[in-house]
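Inside the fold
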Amino acid sequence: MTDGGWAGTLHGLWRSVAGIGARDELADLVLPPLCTLPGVIAAWGLRYGVDRRVSAYRWAGVPLVGPLRPLACSLAAAPPTSTAPPATSSLSPTSPTAGPSPTPTSPTAGPSPTSPTTGPSPTPTSPTDPAFHRPAPPGVPAVVDVTGPGALTEAGVVAAVVLHLDVAGEWPGTFIALVDATADTAFVGESLTQVADVTAEVLRRLAARRVEQQQHTRDALLAEASLQMDAVLDSTQTMHRVPRMAVPAIAEGCLVFVCEDGDPELRSAVHVDMRRLSALLNDPAAATRLAALAKAAVAGEILLDEHDAAVLDSRSVDLQVLRARGRVIGVLIFLFDRDPNHIPPSSFLRDIASRAALAIDNGTLYEQRRHDVMTMQQHLLPTRLPVVPGLQMAASYTVGDRVLEVGGDFYDVVSRDDGTTAALIGDVCGRGVDAAALTGMARHTLAALVAERVTPARAMSRLNSRLRLDGSWRFVTAGAAMFRPVTPISPSAPGSPGSPASPGSPGSPASPGSPTSPGSPTSPGSSTSPGSPASPGARGSQDFVVEWLSAGHPAPVVLQAGRPARRGRGGGVPLGVLPRPRFGRSRLTLSPGDTLIIFTDGLTESRDERDRMFEDDAMWTALNRLREADAPVETLVNELSTAAVKFGGTKADDIAVLAIRVEGSPHD
Amino acid sequence: MTEVFVVEDSDEDVEAIERAIGRSHPDVTVEFFRSGSEVLPRLTAPGAALPHMVLLDLNMPGESGLDVIRNLRSRPGLARLILVVFTSSEDQAEADACYAAGADSYIYKPLNFALFQSVLSQTLDYWRSRTAPRTP
């Protein structure tokens, strides 16, 4: 007993209440002071757990080990010899809501830390400890005689004062004070009651802290799950992220079923113990049941019953339908091994499922849209370039922006039966479906008219009129390079103009050029026409006259042997701006080996982090390097596009590049 | 007494793991190693006292977490050692490789500390419950 007597000790206990962080620390706090009471030889504590077994033995004084444990259980269950006076205060360890059957929120069953006065104990061995079937009501101390030979009587113990403790939502327990003949059992009983009050208060505080902590953890999980799931637009990645976030934070296992053609397919599964999951999925009964549960759930039926936990090798199972935008897109199945009171409420699991559903659905919609964009972009560009004797051609189209919009760049090559080859390029301002529709219209209008021997100027004027008539606010920059051989050739010659390469024919590209996938701008899609098929002498080395017409389009670049790359002339005003179009015109002659490169402004205006444009310097470095390396036209367009994309980083715009080279060796 | 070896090269994560386990499982002894090459001799020395569990980061200088798993699983004497990968990596292929190499768990390392503590706590509880000695 302390200097302040029992009252001082009790005061010290109450002051310590706030410092207790776990139930396992309680025994060290409350049992030793009981041993300081006059006549008390030992103080024992029993805690009950699952299946009403004693889950922990605690002691101060005589160690509660070996054969003393069943004895303690029998003392706890024995009918009282007498009932000690109950505590006079209103502080009862029994909560008004406490019932005879515990509904604990924290079954922290198991061994506790050792200390000089409290020791570890193994899990209980008796099938059902009789102590749980206590005869005395909670909060009322009872005195039980301890008689007969044995270690306790040898130590002078004549009686046990027993007090049962029940706190709502917590595992119950029993205090046992072993006393000798000198003890005032009424006082010991009252002291036990007071200690039980302290214990009950600690348990209530721990429970409140635990609930707060669980809520905090769930809030954090929701926030982090949202962050993780919203960070990607890849539905497959999201399907993996959902169970990874959930396990083991809220469940031991999580399976994601997503509907494919109406039927739920298992797309992802995570378990804290993946070997168990693997065994589960390889078990035909479990796999069949999982599939049935998922299928029923997407059909609006919940089949889950009390046998499912065993079939799925778990303690309990929860199922949440994945519903996004009013549609059922799949099912989440949670597997739990943890105590029921550590399983999050259904509302929380529903919340997780709804966020997961939305993220998965967003990813799926994104992928569908991306596929649509790719398809549309392919329709806006020629699938192949024509084979024109005497000319080598290659084109590339790089989608620079990662947004899901169709770009407005276009190009085409028309080989006319008069021996003229028209290389067309253009750029509709803006992106998206409207721009794409206009892009398709512009490309096909220009190509169709030019193919009918309409001059590029007239074709562009028609397009200008159309744009003005439609009242479109969008304008179009366009350029046309008309290639005419200096000495016309016979239309009947092999590989004559106007005959596109047939698939598989020598010299035709193995696969049609296609736009690069959005988001991978560093590997430009390209289409090539490597010149005339193997028809020696079809046109030989020959000069071409090129007439360039520009409606506000970037000026082309000319590569010629033995001199630096140089810029042609642009000029003109974009189509759709003026009632009468204004053009820039220029003319040049290309000799064998010379190359004309036409492109959209995504190439030249690609900007680095210091806001320098690609055309300021880097483009010329790349061009001259490629010229000196005598790079083939396909290499030329691809490397030029790649260099511009690297230069501009993620800010790169779409880039269309078309290179036309006159066949043959440069003139000496 | 449960003992956990943690192989982690990040100072911040070492501190967070120590704090998290200290709060949720004060009875668990934790020993830290900064690399695979530090922990391997400790586990493979003749007569070495083995921990209950090894918590591994994946991306470490020198020997990676995956290398450590392969190394440990190649030793029959360490077959019962619980190997838990605790990583912020999102690569599913990496997770598959870890399981194939013999990891028991592949656990996501959250950013939020409350979640971080909860994830570690649940992992410890799970493996303690699966491997706790059972008296007859």
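Keep in mind that what you see is a predicted model, and the values were worked out from it rather than measured.

1. A word on the overall build of chain B
What chain B contains, in helices and strands, is five helices and five strands. Among the 136 residues that make up chain B, the fraction classed as buried is 38%. At a minimum sequence separation of 6, the contacts of chain B that also span at least 24 residues come to 68%.

2. Considering the interface of chain B and chain A
Counting residues at the interface gives 21 residues for chain B and 21 residues for chain A. If you list the elements that add at least two residues to the side of chain B that touches chain A, you get helix 4 (92-101), strand 5 (105-108) and helix 5 (113-131) of chain B. At eight residues, the largest contribution of residues to the side of chain B that touches chain A is made by helix 5 of chain B. Residues that form the side of chain B that touches chain A fall into these classes: 10 nonpolar, seven polar and four charged.

3. Quick notes on helix 6 (residues 235-246) of chain A
The terminal C-alpha atoms of helix 6 of chain A lie 17 Å apart, and with 12 residues this matches the ideal 16 Å at 1.5 Å per residue to within 8%. With 11 of 12 residues buried, helix 6 of chain A lies mostly within the body of the structure. If you check which residues of helix 6 of chain A are buried, you get Ser235(A), Gln237(A), Thr238(A), Met239(A), His240(A), Arg241(A), Val242(A), Pro243(A), Arg244(A), Met245(A) and Ala246(A). Buried positions along helix 6 of chain A lie against helix 5 (185-230), strand 7 (253-260), strand 8 (263-271) and helix 10 (346-380) of chain A together with helix 4 and strand 5 of chain B.

4. As for the environment of Glu170(A)
All names here are of chain A. Within the element layout of this structure, Glu170 appears in the loop between strand 5 (159-165) and strand 6 (173-179). With 26 C-beta atoms packed within 10 Å, Glu170 lands in the buried category. When the C-alpha atoms of Glu170 and Arg204 are compared, they prove to be 8.4 Å apart, with 34 residues separating the residues in sequence.

5. Comments concerning the nonpolar core
Of all hydrophobic cores here, the largest spans 83 residues; its most connected members are Ile333(A), Ala356(A) and Leu56(B). The contact partners of Ile333(A), leaving out residues within four places of it in the chain, are Leu255(A), Leu290(A), Leu293(A), Val317(A) and Leu319(A). In this structure, Ala435(A), Val546(A), Leu636(A) and Ala656(A) belong to the second largest nonpolar core, which totals 74 residues.

6. Things to note about the confidence of the model for chain A
Residue and element names in this part refer to chain A. Scored by pLDDT, chain A has a mean of 81; 80% of the residues are at 70 or more. Segment residues 490-525 is flagged for pLDDT under 50; beyond a separation of four residues in sequence, or across chains, it makes 91 contacts in the model. Segment residues 530-539: pLDDT under 50, and 29 contacts once partners within four positions in sequence are set aside and those in other chains are kept.

7. What about the packing of helix 10 of chain A against helix 11 (residues 433-451) of chain A?
All names here are of chain A. Where helix 10 meets helix 11, the axes come as close as 9 Å, and the angle between the chain directions of the two elements is 20°. Of the possible angle classes, the one that applies to helix 10 and helix 11 is roughly parallel. Between helix 10 and helix 11 the crossing geometry is left-handed. Here Met376, His379 and Leu380 of helix 10 come into contact with helix 11, specifically with Ala436, Thr439, Gly440 and Arg443. Tallied by class, residues from the contact of helix 10 with helix 11 come to three nonpolar, three polar and one charged.

Reading the values: rules and limits
Residues numbered from 1 in each chain as written. Chains lettered and ligands numbered in written order. Predicted model: local features only at pLDDT ≥ 70, side-chain atom pairs only at ≥ 80, totals over all residues. Helix = DSSP H or I, 4+ residues; strand = E, 2+ residues; numbered from the N terminus. Buried ≥ 20, exposed ≤ 12 C-beta atoms within 10 Å, placed from the backbone. Contact = placed C-beta atoms within 7 Å. Nonpolar A, V, L, I, M, F, W, Y, C, P; charged D, E, K, R; others polar. Expected span 1.5 Å × (residues − 1). Core = buried A, V, L, I, M, F, W, Y, C linked by C-beta atoms within 7 Å. pLDDT = per-residue confidence, 0-100. Axes fitted to C-alpha atoms, helices over the stretch in contact; angles between N-to-C directions. Parallel < 35°, antiparallel > 145°, perpendicular 65-115°, else oblique. Left-handed = near helix turned anticlockwise from the far one by under 90°.

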